[in-house]
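Here's the letter readout for the chains.
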Amino acid sequence: MRRLSAMLTILLAVAWTTAGPALAQSKEPVKIGLSAAVSGGSAASGEAIKRGLLIAIDEINAKGGVLGGRKLELVVRDDEGNPQKGVTIARELVEREKVAAVFGGLHTTVALAQVPVWHELKTPYMGAWAAGTNVTRNGQTPNYVFRVSANDDYVDRYLSRYAVDALKKGKPGLLLENTPWGQSNETGLTKWFGEKGIKAVGVERFNWNDPDMSPQLLRLKNAGADLIVLVANAPEGAQVLRSKAKLGWDTAMISHWGISGGRFAELTGDLSDGVVFLQTYTFFGKQNERGQYVLKVLREKYAVKEPGDVIAPVGTANAYDGMHLVALAIDQAGSTDGAKVRDALESLRAEYKGLIKTYKRPFTAEQHDALTDEDYVMVVWKGGKIVPVNMK
Amino acid sequence: MYGLVALGYHITWSTSRTMNFSQGHAVMAGAVVAYAVFVALGWPFPLALLVTLAALACFGALVERVAVRPFFLRASPAWLLATIAVGIIAENVAQLTFGKDARAFPSPLMQKPIMVGSAGFYAQELLVPVAGLLLMGLVQLFYHRTPYGKQLKAVAWNPEAAGLMGINIPRAVMASYALSAVLAGVAGVLLAPLLNVSPQMGTIIGLKAFAVAIIGGLTSAPGIVVAGLGYGLVESFTAGYISTRAREIVGFGLVILVLVARPWGLLGEKPSRRV
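Summary of the structure given here.

Scoring rules and cut-offs
Residues numbered from 1 in each chain as written. Chains lettered and ligands numbered in written order. Predicted model: local features only at pLDDT ≥ 70, side-chain atom pairs only at ≥ 80, totals over all residues. Heavy atoms only, no water. Helix = DSSP H or I, 4+ residues; strand = E, 2+ residues; numbered from the N terminus. Rg over C-alpha atoms; globule rule 2.2 N^0.38 Å. Buried < 20%, exposed > 50% of the residue type's maximum accessible area, 1.4 Å probe, protein only. Contact = heavy atoms within 4.5 Å. Areas by Shrake-Rupley, 256 points an atom, 1.4 Å probe, with all protein chains shown as cover. Lys, Arg positive; Asp, Glu negative; His and termini not counted. Charge placed at Lys NZ, Arg CZ, Asp CG, Glu CD. Pairing = 2+ DSSP bridges. Axes fitted to C-alpha atoms, helices over the stretch in contact; angles between N-to-C directions. Phe/Tyr/Trp six-rings, centres within 6.5 Å; stacked < 30°, edge-to-face > 60°. Lys NZ or Arg CZ within 6 Å of the ring centre and 35° of its normal. Core = buried A, V, L, I, M, F, W, Y, C linked by side-chain atoms within 4.5 Å. Buried area = accessible area lost by both parts, 1.4 Å probe. Salt bridge = Lys/Arg side-chain N within 4 Å of Asp/Glu carboxyl O. Polar contact = N/O pair within 3.5 Å; in protein donor to acceptor, adjacent residues only side chain to side chain. Nonpolar A, V, L, I, M, F, W, Y, C, P; charged D, E, K, R; others polar. Expected span 1.5 Å × (residues − 1).

**Considerations on the overall build of chain B**
1) Next: Summing up its helical and strand segments, chain B has 11 helices and two strands in all.
2) Next: Going residue by residue from the N terminus, the α and β elements of chain B occur as α-α-α-α-β-β-α-α-α-α-α-α-α.
3) Next: Scaling as 2.2 N^0.38, a compact globule of 275 residues should have a C-alpha radius of gyration of about 19 Å, and chain B matches this with 19 Å.
4) Next: Projected onto its principal axes, the C-alpha positions of chain B cover 60 × 45 × 35 Å.
5) Next: Taken across its 275 residues, chain B has 49% of its residues classed as buried.
6) Next: For chain B, the share of sequence-separated contacts (at least 6 apart) that also reach a separation of at least 24 residues comes to 70%.
7) Next: Counting every atom, chain B has about 13,100 Å² of accessible surface; 73% of that belongs to carbon and sulfur.
8) Next: The centroid of the 18 positive side-chain charges in chain B is displaced by 7 Å from the centroid of its 8 negative side-chain charges.

**What about the sheet that holds strand β6 (residues 172-177) of chain A?**
All names here are of chain A.
1) Next: Judged by pairing direction, the sheet is mixed, and its seven strands sit side by side in the order β7-β6-β8-β9-β10-β13-β14 without closing on themselves. What marks the edges here is a single partner per strand, and that holds for β7 (202-206) and β14 (385-388). Strand-to-strand, the axes of this sheet are offset by a mean angle of 30°, without reference to chain direction.
2) Next: Along the sheet, helix α7 (residues 180-195) contacts β6, β7 and β8 (227-231); its crossing angle with β6, the most-contacted strand, is approximately 160°.

**Structural notes on the packing of aromatic side chains**
All names here are of chain A.
1) Next: Overall, the coordinates contain 17 aromatic pairs over all chains when judged by the stated rule.
2) Next: Ring plane angle 15° and centroid distance 5.5 Å describe the contact between tyrosine 352 and tyrosine 359, whose orientation is recorded as stacked. The exposure classification of tyrosine 352 matches that of tyrosine 359, with both residues buried.
3) Next: When the ring centre of tyrosine 154 is taken as origin, the NZ or CZ atom of arginine 137, which lies over that ring, is 5.5 Å away.
4) Next: Across the ring face of tyrosine 144, the terminal group of arginine 342 is positioned such that the distance to the ring centre comes to 5.7 Å.

**A word on the nonpolar core**
1) Next: The biggest cluster of nonpolar side chains holds 103 residues, and the ones touching the most others in it are Leu72(A), Phe103(A), Trp257(A) and Met323(A).
2) Next: For this core, the element with the most residues is helix α12 (residues 313-333) of chain A, which contributes 10 residues.
3) Next: In this view, Leu72(A) contacts Val30(A), Ile32(A), Ile57(A), Ile60(A), Asn61(A), Val66(A), Met323(A) and Ala327(A); residues no more than four positions away in its chain are not counted.
4) Next: Among the nonpolar cores identified, the runner-up in size contains 62 residues, and Leu4(B), Ile11(B), Leu191(B) and Ala213(B) belong to it.

**Thoughts on the interface of chain B and chain A**
1) Next: Taken residue by residue, the interface counts 26 residues in chain B and 26 residues in chain A.
2) Next: Taken over both partners, the interface formed by chain B and chain A buries close to 2,100 Å², and the fraction arising from carbon and sulfur atoms is 42%.
3) Next: Viewed at the interface, chain A and chain B are joined by three salt bridges.
4) Next: Between chain B and chain A we count nine residue pairs in polar contact (both at pLDDT 80 or more) in total.
5) Next: For the side of chain B that touches chain A, the secondary-structure elements that each account for two or more residues are β2 (119-121), α8 (169-195) and α10 (221-242) of chain B.
6) Next: Sort the elements by how many residues they give to the side of chain B that touches chain A and α10(B) lands first, with four residues.
7) Next: Tallied by class, the residues present in the side of chain B that touches chain A amount to 14 nonpolar, six polar and six charged.

**Focus: the sheet that holds strand β2 (residues 72-78) of chain A**
Backbone hydrogen bonds hold the strands of a sheet together, and the pairing may be parallel or antiparallel.
All names here are of chain A.
1) Next: With respect to topology, five strands assemble into an open sheet ordered β2-β1-β3-β4-β5, the strand pairing being parallel. The sheet terminates laterally at β2 and β5 (145-147), the two strands that pair on one side only. Direction aside, neighbouring strands of the sheet carry axes that sit 25° apart on average.
2) Next: Looking at chain direction, strand β3 (residues 101-104) and strand β4 (residues 125-127) are connected through three bridges and run parallel. Directly across from valine 102, in β4, lies its bridge partner tyrosine 125.
3) Next: Contacting β1 (30-36), β3, β4 and β5, helix α4 (residues 108-121) runs over the sheet at an angle of about 160° to β4.

**With respect to the environment of Gly87(B)**
Residues and elements named next belong to chain B.
1) Next: Of note, glycine 87 is situated in helix α4 (residues 79-98).
2) Next: Sequence spacing of glycine 87 and glycine 24 is 63 residues, and the spatial spacing of their C-alpha atoms is 7.9 Å.
3) Next: Beyond its immediate sequence surroundings of up to four residues, glycine 87 is in contact with Ser22 and His25.

**Section: α12(A)**
All names here are of chain A.
1) Next: For α12, which comprises 21 residues, the first-to-last C-alpha distance of 30 Å matches the rise-based estimate of 30 Å (1.5 Å per residue) to within 8%.
2) Next: By the criterion of burial, α12 is predominantly enclosed, with 17 of the 21 residues buried.
3) Next: Phi for glycine 334, located one or two positions after α12, is positive at around 70°.

Put into structure tokens, the structure is as follows:
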């Protein structure tokens with residue numbers, strides 16, 4: 001009797017171990033990675049991206065997931081905005097967690113450092129924030145890096161057009177962070193202002209954590225700038241505003257979107273009022289079906305009362321649309337194999353009516369940015385909240 | 001402001017020939033503790049300041065007890081690494097409890113800039129050097145006019161003789177560490193509204209203050225005060241007239257120049273023996 005039960009146990013165990021993987025394989029979740037700063041001065045950006053991904057994932061899972069019934073599952077890693085950490089995380093996500101695709105966060109420096117890793121490990125990457133031009137235009141073939149976010153080159157065209165056509169300014173002074181992201185924008189702004197026959201009266205840079213930007217602002221002021229074009233993240237952007245108030249210089253200022261990512265409003269108080277910057281999406285105004293749905297979930301799950309409460313809105317919007325596109329690509333590829341999903345992204349057949357716009361074949365072999373300056377909007381800080389600018 | 005933090009290096013160096021390399025982190029600790037008590041708990045500022053200073057005195061004493069004394073007694077230079085280690089631990093504890101975000105530290109002196117002609121400044125920026133100089137004056141008074149200060153000075157002068165005269169040397173060393181941490185903490189509270197509060201805020205300040213201490217001469221308090229002001233001026237002139245990107249290059253280049261010309265610092269005493 002005892003021997004029989006022992007044999008049965010062994011048999012059962014054998015049956016379990018052999019049947020287990022086969023069963024698990026069909027219903028095993030498809031993991032999606034996120035490498036973003038979820039701590040530090042830019043933590044709000046990471047949190048916003050996470051929200052966008054989770055809202056889309058819940059929506060997709062409720063409809064049965066991908067690949068005929070496999071659920072999506074998010075794996076979040078904090079890269080702290082540190083490129084070395086970003087590379088370690090990229091490898092860990094692919095090699096240990098076996099993710100099918102990875103979403104990226106706010107820092108261009110991190111995104112650039114990770115590019116070779118995606119290429120080497122043949123894993124598609126979907127940028128949800130970092131806007132550096134050469135993140136997507138990276139010279140790799142085949143290119144594993146995609147983006148549903150801004151691209152500095154388009155941003156700079158948009159900003160220069162706004163400065164000249166809407167604000168009628170002709171003497172821009174550039175104030176950029178001393179990083180690859182700042183560099184990327186110096187190139188773009190010089191190029192696009194140049195197209196309009198305008199040369200910046202000054203180009204000034206600052207380092208991360210610099211406390212005082214007065215010298216740079218003073219040089220721009222003395223050079224006769226009638227507009228500051230700012231490329232900065234929240235902590236440094238805040239110091240720029242403080243120094244600007246100190247100089248008593250009330251010139252107009254337009255900004256890339258870095259200042260929407262952190263605790264900018266808390267750090268600046270009412271100094272931030274009137275600073276105009278760009279977004280890929282705003283939850284203000286009339287919302288399409290997706291917009292209403294996302295706002296509803298944000299209200300229910302994240303205590304968002306009104307559109308102005310949505311933290312770092314672009315992160316959520318970009319990530320939400322990006323996640324849907326990746327899910328469509330996985331289904332089209334019929335597999336989670338990195339190379340196949342990559343090919344599917346480049347030749348996406350399904351039309352996706354998204355939050356930011358309707359995507360018809362968003363990516364091609366040459367175009368890895370789903371959004372261009374056609375899709376951007378201008379917004380302004382007002383009383384610690386982001387509100388839209390009425391622009392013709 | 002570098003001067004105030006740098007003075008901390010001088011104080012412990014002169015009593016014990018050791019230094020607290022976590023001075024920069026003590027600056028951070030000052031700002032973080034003040035933020036926690038004043039902003040998060042909403043206590044009145046004088047009380048919050050008192051709590052902060054007491055906490056920093058404990059921090060200094062703790063550094064001495066765990067990271068310096070065990071090695072000091074064995075004449076081992078391992079205190080160097082041990083104090084750095086304490087600083088890194090402090091930074092990580094701050095990250096865990098305070099979070100990594102930079103937070104705004106409200107100050108009535110930061111509300112509106114004071115305008116002079118076309119340019120202006122924040123009252124807080126004026127307060128920093130004024131309070132710094134005032135405190136340095138107080139420290140000098142403490143050393144020269146109070147019995148306890150004189151004891152500390154005696155230890156600095158000649159530890160053996162001071163010990164024979166009945167001065168408790170370990171306690172004097174601990175007191176000097178507490179004092180140096182308190183000075184750094186005050187610096188942290190003063191700087192918080194300008195720099196915002198974050199666990200990483202102290203590292204570079206600590207390093208620059210050390211540079212200032214070396215330039216001024218570790219053994220000379222006046223030298224350090226002069227070097228602190230000078231270093232700050234060189235930094236802002238470099239930023240203003242050359243480029244912000246050249247600031248660190250010029251600043252630390254200067255340190256090397258001074259070290260080549262006067263290894264014992266601008267106003268430091270030429271050591272009669274190697275230490």
